[in-house]
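The chain contents come next:
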Amino acid sequence: MALRFYNSLGRKVQEFTPIEAGKVGLYTCGPTVYNFAHVGNFRAYMFEDILRRTLELCGYQVNHVMNLTDVDDKTIRDSQAAQLPLDTFTRQYKDAFFEDVDALRIRRAHVYPAATEHIGEMIKLIRKLFDAGVAYQAEDGSVYFSIAKWPAYGQLMKIDRDQMRAGVRISHDEYAKESVADFALWKAWSEGDGDVAWNSPWGKGRPGWHIECSAMSARYLGPQFDIHCGGIDNMFPHHEDEIAQSEAANGCRFVNYWLHNAHLVVNGEKMSKSLGNFYTPRDLFAKGYSGREIRWVLFGTHYRQTLDFSLAALDAARASLQRLDAFRQRLAEAASAPEAGTAIAAERAAKATADFQAGLEDDLNISAALAALFDLVRDGNRLLDEGTVAGPAAAAFVQALETCDQVLDVLTPAPGEGVPAEIQALADARQAARKAKDFAQADAIRDQLAAAGWTVEDTPKGPRVKRL
RNA sequence: GGCGCGGUAGCCAAGUGGUAAGGCAGAGGUCUGCAAAACCUUUAUUCACCGGUUCGAAUCCGGUCCGCGCCUCCA
């Protein structure tokens, strides 16, 4: 089956064809580093991670670029409030971002260009826009993109600008624009910016928000590339403006496939601090949830569907992962047994792998992919119960699991999730008691283990210790 | 007002014309010293509602109700 995606440009599912065979240029809108990213932000990055890993599973060599917005109204405002230089202020949130990315097992992009390190590219791009006749400097000193001069504007949203609500778009500091729909390319310095400023042919100032993505994507992926992702809220105006800037400046198609993820809500309500349902990954770690549990919840709903996040969903994720862990452990144990049932195991494993990949190739249908995975678990467990998967036969299942895990990356418990020696010692003592038919003692030790957060399962191969 | 998304079992969630995947939770059974895990069986005559098209619709068309997002910084 061919790889297909829902392209926001055109609004339909299309077969994916890269510009260069076997390679994919992928640009994903990254965080504004003025605070810790929350699970809603990570929903987007998780979708992009699944996308990238799916592309890689399909054999593509992906060049993934994610920007870091480290200068804008919010970073300036909050750095001043914190009485820190802008770069010092944003540094701590960049660091935190990468910690969270790693904890959630999101594969790092190949390049993380920061806006403040690419001001030169942005200035060059704005020059080109002047050359193209679509940019102008207003009386307030800021430079704007003139939508009136660019008829192709509105490819993503099919916006009828006359229908937009009058009034709401005029913000206090942008009344100098020729048209309310025009957007800033370069913002003239104002007192509120403090020492945050760069020199430009249009005077001291800082870049507009949209220009960074146009400039940095061109720098690392070229003027035309394959896929651009972001949250659905970014379709307008951010991505619309990027298209206008890039295509007006470079004279070629900007992006072939636009993929947008839907939002995340918590218990059906928009996540907000006032509702007390605002979560960052580190909030959840503090509650005892692991990165892979959060990961499971974040990728478990199709990316174009609103995701309802909740602690209950995390608990369900824990149960699902325990089932997968147990299966993996059983396979590992079976691998050391004499060979049995190779043919059927290989057949089941091959089917699961194929179904898993086919699900993802169909516009990242994660539900179909997970169904294939759970079919594999059920089939595998049944065969293990029957004793017909052992030795090399178990390897086929392990390999299928590992293939799925190339995309999911949840099947390996974190380091530190292993069994401590003292817990193992208790389990051994309990087993000795059982052997001696001293069940009262055995049960007492089991209670002791439970109190320590561990459970023990008796199997034909001996006790198996697991975290509760 | 414009653009867009959704309403499928207790919960989460696939399925866009051929007779309801999968997960979590629940019930019964097998297994077990007892458990747990695993497996088996079971849990929607039905897909918000009303009409229509069709041999056949959760899926297509028309209408109604409800929830949500964007249009302003936003994943």
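The structure this text deals with has already been given above.
Here is a short report on the structure shown in this document. What you see is a predicted model; the values in this text were computed from it and never measured.

Calculation rules
- Residues numbered from 1 in each chain as written.
- Chains lettered and ligands numbered in written order.
- Predicted model: local features only at pLDDT ≥ 70, side-chain atom pairs only at ≥ 80, totals over all residues.
- Heavy atoms only, no water.
- Helix = DSSP H or I, 4+ residues; strand = E, 2+ residues; numbered from the N terminus.
- Expected span 1.5 Å × (residues − 1).
- Buried < 20%, exposed > 50% of the residue type's maximum accessible area, 1.4 Å probe, protein only.
- Contact = heavy atoms within 4.5 Å.
- Axes fitted to C-alpha atoms, helices over the stretch in contact; angles between N-to-C directions.
- Parallel < 35°, antiparallel > 145°, perpendicular 65-115°, else oblique.
- Left-handed = near helix turned anticlockwise from the far one by under 90°.
- Salt bridge = Lys/Arg side-chain N within 4 Å of Asp/Glu carboxyl O.
- Pairing = 2+ DSSP bridges.
- Polar contact = N/O pair within 3.5 Å; in protein donor to acceptor, adjacent residues only side chain to side chain.
- Nonpolar A, V, L, I, M, F, W, Y, C, P; charged D, E, K, R; others polar.

A short note on helix α9 (residues 311–334)
- Look at α9: 35 Å from first C-alpha to last across 24 residues, which is about the 34 Å you get at 1.5 Å a residue.
- When we look at burial in α9, the residues that qualify are L314, A317, L321, L324, D325, A326, F327, L331 and A334.
- Taken together, the buried residues of α9 touch α7 (281–286), α8 (291–299), β13 (307–309), α11 (366–386), α12 (392–408) and β15 (462–467).

Overview of the packing of α9 against α11
- The interhelical angle for the contact between α9 and α11, taken along N-to-C directions, is 45°, at an axis separation of 10 Å. Of the possible angle classes, the one that applies to α9 and α11 is oblique. For the pair α9 and α11, the crossing hand works out as left-handed. Across the interface between the two elements, S320, R323, L324, F327, R330, L331 and A334 of α9 pack against L373, F374, L376, V377, R378, G380, N381, L384 and D385 of α11.

Some points on the pattern of salt bridges
- For the structure on display, the rule yields 33 salt bridges.
- Salt-bridge contacts for D362 lead to R4; the nearest nitrogen and oxygen are separated by 2.6 Å. Placement of D362 in the loop between α10 (342–361) and α11 and of R4 in strand β1 (residues 4–7) is noted, with a sequence separation of 358 residues between them.
- For E99, the salt bridge is made with R282, and the minimal N-O distance between the two is 3.4 Å.

Things to note about the pairing of strand β2 (residues 12–15)
- With four bridges connecting them, β1 and β2 associate as antiparallel partners. Bridge pairing links Y6 to V13 in β2.

Thoughts on the side chain of R295
- Within the secondary structure, R295 is located in helix α8.
- A polar contact of 3.0 Å, which involves the side chain of R295, links it to the backbone oxygen of L104.
- Not counting residues up to four positions away in its chain, the partners in contact with R295 are M46, D49, I50, R53, L104, R105, I106, V407, L408, D409 and V410.

Quick notes on the sheet that holds β13
- One open sheet holds the three strands; their spatial order is β12-β11-β13, and the pairing between them is mixed. Looking at which strands have only one partner, the edges of the open sheet turn out to be β12 (269–270) and β13.
- Relative to β12, strand β11 (residues 264–266) runs antiparallel, the two sharing two bridges. Note on β12: the bridge partner recorded for V265 is K270.

Some remarks on the packing of α11 against α12
- In contact at an axis separation of 11 Å, α11 and α12 are set at 155° when each is read in the N-to-C sense. Taken as axis vectors, α11 and α12 run roughly antiparallel relative to one another. Crossing of α11 over α12 shows left-handed handedness. Counting all contacts with α11, which are made through I366, L370, L373, L376, G380 and L383, the residues of α12 involved are F397, A400, L401, C404 and L408.
- Residues belonging to the contact of α11 with α12 are distributed by class as follows: 10 nonpolar, one polar and no charged.

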